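# Structural features, examined
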Amino acid sequence: MAGLNKVMLIGNLGKDPEVKTLDNGAKIATFPLATSETYKDKEGNRQTRTEWHNLVLWRGLADIAESYLHKGSQVYIEGRLSTRKWEDKEGNTRYTTEVIGDNLVLLSRANEQQQGGIGASTGGFNAPVSRPAIEEMGGGPEDDLPF
């Protein structure tokens, strides 16, 4: 039986993306993403719970992250979970779980950044970016969409 490894997150960057270029020329961007959930506790007080996720974007998405994402930017990310094993300085085995992004939608507006709010400059519009998403759906900008 086949498996499914899919993650969908909407959140805010905890810091500017760190972008590196590898020896083979591929770019990689890493950054923490915060997702928050609000609920009422037993006493009726509003509580907020925040989860932090380690994000990794490769190649073209790393370029987008480098150009448009900044601390506080709000994004929608689709991807998959990946856990890797490594050794720390003391030789202890450690594990890190990351979200490898396949699709990215910039949700922040340009005027939010200019006013000191959240945001990367996206020209004031939502900018969906994905690897071959348009080709996979069999279309492009010439499609006549019903909405």
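Each remark here, short or long, concerns the structure printed above.
Below you will find a few notes about this structure. (Residues numbered from 1 in each chain as written. Predicted model: local features only at pLDDT ≥ 70, side-chain atom pairs only at ≥ 80, totals over all residues. Heavy atoms only, no water.)

Here the focus is the side chain of H53. Within the element layout of this structure, H53 appears in strand β4 (residues 46-58). One polar contact links H53 to T35, side chain to side chain, over a distance of 2.8 Å. When residues no more than four places from it in sequence are discounted, the contact partners of H53 are L9, F31, P32, L33 and T35. (Helix = DSSP H or I, 4+ residues; strand = E, 2+ residues; numbered from the N terminus. Polar contact = N/O pair within 3.5 Å; in protein donor to acceptor, adjacent residues only side chain to side chain. Contact = heavy atoms within 4.5 Å.)

Residues of helix α1 (residues 59-68) that are buried include every one of L61, A62, I64 and A65, and no others. Down the axis of α1, the smallest arc covering the buried residues is 160°, so these residues share one side. (Buried < 20%, exposed > 50% of the residue type's maximum accessible area, 1.4 Å probe, protein only. Arc of directions from axis to C-beta.)

Attention shifts here to unusual backbone geometry. In the Ramachandran plot, R59 falls in the positive-phi region, its phi being about 45° despite a non-glycine side chain. Note that R59 resides in helix α1. By relative accessible area, which is 51% here, R59 ends up exposed.

Read these as layout, nothing more, since geometry by itself doesn't imply function.
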